[in-house]
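These are the residues of each chain, in order.
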Amino acid sequence: MAMLDRLITEFDRALRTLAAPARTTRPLPGAELPEAELDEAQRRQVGALMRVNHVGEICAQALYQGQALTCRDPSARDALRHAAVEETEHLNWTASRMSELGSRPSLLNPLWYGGALAIGVTAGIVGDRWNLGFLVESGSAETEKQVEAHLQSHLDRLPPADQKSWRILEQMRQDEREHAHTAERLGAAELPAPVRLAMRAASRVMTGVAYYI
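Just so it is clear, the structure is predicted and the values come from calculations on it, not from any experiment.

1. Some words on the overall build of the chain
Here is step 1: The helix and strand tally for the chain stands at 8 helices and 0 strands.
Here is step 2: For the chain, the N- to C-terminal ordering of α and β elements is α-α-α-α-α-α-α-α.
Here is step 3: In the chain, which comprises 213 residues, the proportion classed as buried is 46%.
Here is step 4: Total accessible area on the chain is roughly 10500 Å²; 61% of this is exposed by carbon and sulfur atoms.

Take a look at the structure:
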């Protein structure tokens, strides 16, 4: 019954991630700023960028859920749960901004979630040092390093007038950097080069598809 209860809890968490409004304890960054005057093309572009980031947060929830589910070290599990809470806030922020811009979430969110969950479960089964290695690589973040670079590229592509979107992405970038530092302190192992390359390739596919679908 304990295992069944746990599976039900994890299934409920997945449904909430995909279908329910995400929770946040911090206010939406830039909420006090006026809406920028964007033309239709700019609004579509920013909406698509936010959709990509929203997909990234969906995947982060699934990855952390899978890792925590199979993680053996209580300290590492707590760190993963804490990171997941902050990612839930990111999920809320990106969804809110998409709504303001008249955009929509990716139609493939269940697919992205399932793939990331499988990666997280596999990482936890292999071992906690490799588990944390998905957060950190060679003294800098793997998952988080990729996300931080991705967020920086989106910051560079935003229309200068859109300070509301800029504030959201900048706060997310700072949070991802802190996640990487946490993983380093917990002794994450460096991921093998083929795994790092595979993760980067999967990220490129996801971001490319999510921009349009």
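2. Focus on the packing of aromatic side chains
Here is step 1: Taken as a whole and assessed by the stated rule, the structure comprises 1 aromatic pair.
Here is step 2: Considering the side-chain rings of Tyr211 and Tyr212, the 5.0 Å spacing of their centres and the 70° angle between planes classify their relative orientation as edge-to-face.

3. Considerations on the pattern of salt bridges
Here is step 1: As enumerated under the stated definition, the model contains 8 salt bridges in all.
Here is step 2: Between Arg26 and Asp175 there is a salt bridge, with its nearest N and O atoms 2.7 Å apart. Taken together, the residues span a long stretch of sequence, with Arg26 in the loop between α1 (2-19) and α2 (40-70) and Asp175 in helix α7 (residues 163-185) at a distance of 149 residues.
Here is step 3: On the basis of relative accessible area, Arg26 is assigned to the partly exposed category, the value being 26%.
Here is step 4: Arg173 serves as the salt-bridge partner of Glu170, at 3.0 Å between the closest nitrogen and oxygen. Note that Glu170 and Arg173 are positioned in helix α7 at a spacing of 3 residues, about one turn of the helix.
Here is step 5: A network of salt bridges, in which partner residues are shared, links Glu35, Arg97, Glu100 and Asp162.

4. Some words on the side chain of Asp162
Here is step 1: The residue Asp162 is located in the loop between α6 (143-157) and α7 in this model.
Here is step 2: Within the structure, the side chain of Asp162 is placed 2.6 Å from the side chain of Ser165, a separation counted as a polar contact.
Here is step 3: Apart from the residues within four sequence positions on either side, Asp162 is in contact with Ala36, Leu38, Val46 and Arg97.

5. Details of a nonpolar patch on the surface
Here is step 1: Residues Leu107, Tyr212 and Ile213 make up a contiguous nonpolar surface patch of roughly 360 Å² in combined accessible area.
Here is step 2: Looking at the element boundaries, Leu107 is found in the loop between α3 (74-101) and α4 (109-126).

6. Considering the nonpolar core
Here is step 1: If you look at the biggest cluster of nonpolar residues, it comprises 30 residues, and the most contacted ones within it are Met50, Val55, Leu158, Ile168, Leu169 and Met172.
Here is step 2: No other element matches the 9 residues that α2 contributes to this core.
Here is step 3: For Ile168, the residues in contact, after removing those within four places along its chain, are Leu28, Pro29, Met50, Trp93 and Arg97.

7. What about α2?
Here is step 1: Over its 31 residues, α2 runs 45 Å from end to end, which matches the ideal 45 Å to within 8%, given 1.5 Å per residue.
Here is step 2: Within α2, 22 of the 31 residues are buried, leaving the element largely enclosed by the surrounding structure.
Here is step 3: Its side-chain oxygen 3.2 Å from the backbone nitrogen of Ala41, Asp39 forms the N-cap of α2.

8. Concerning the environment of Lys164
Here is step 1: For Lys164, the position within the fold is in helix α7.
Here is step 2: Reaching out from Lys164, the side chain makes a polar contact with the backbone oxygen of Gly30 at a distance of 3.4 Å.

9. Focus: the environment of Trp93
Here is step 1: Looking at the secondary structure, you find Trp93 in helix α3.
Here is step 2: Looking at Trp93, the relative accessible area reads 1%, which means it is buried.
Here is step 3: Considering only alpha carbons, one finds Trp93 and Pro27, 66 residues apart in sequence, at a separation of 8.8 Å.
Here is step 4: Side chain to side chain, Trp93 and Thr24 meet in a polar contact 3.3 Å long.

10. Remarks on the confidence of the model for the chain
Here is step 1: Chain-level statistics for the chain give a pLDDT mean of 79 and a share of 75% at 70 or above.
Here is step 2: No element of the chain has a lower mean pLDDT than helix α5 (residues 128-133), at 58, and none a higher one than α2, at 88.
Here is step 3: For the stretch residues 137-141, pLDDT sits under 50, and the model shows 13 contacts to residues farther than four places along the chain or on other chains.

Thresholds, definitions, all that
- Residues numbered from 1 in each chain as written.
- Predicted model: local features only at pLDDT ≥ 70, side-chain atom pairs only at ≥ 80, totals over all residues.
- Heavy atoms only, no water.
- Helix = DSSP H or I, 4+ residues; strand = E, 2+ residues; numbered from the N terminus.
- Buried < 20%, exposed > 50% of the residue type's maximum accessible area, 1.4 Å probe, protein only.
- Areas by Shrake-Rupley, 256 points an atom, 1.4 Å probe, with all protein chains shown as cover.
- Phe/Tyr/Trp six-rings, centres within 6.5 Å; stacked < 30°, edge-to-face > 60°.
- Salt bridge = Lys/Arg side-chain N within 4 Å of Asp/Glu carboxyl O.
- Polar contact = N/O pair within 3.5 Å; in protein donor to acceptor, adjacent residues only side chain to side chain.
- Contact = heavy atoms within 4.5 Å.
- Patch = residues over 30% accessible without salt bridge, like charges linked within 9 Å, V, L, I, M, F, W, Y side chains within 5 Å.
- Core = buried A, V, L, I, M, F, W, Y, C linked by side-chain atoms within 4.5 Å.
- Expected span 1.5 Å × (residues − 1).
- pLDDT = per-residue confidence, 0-100.

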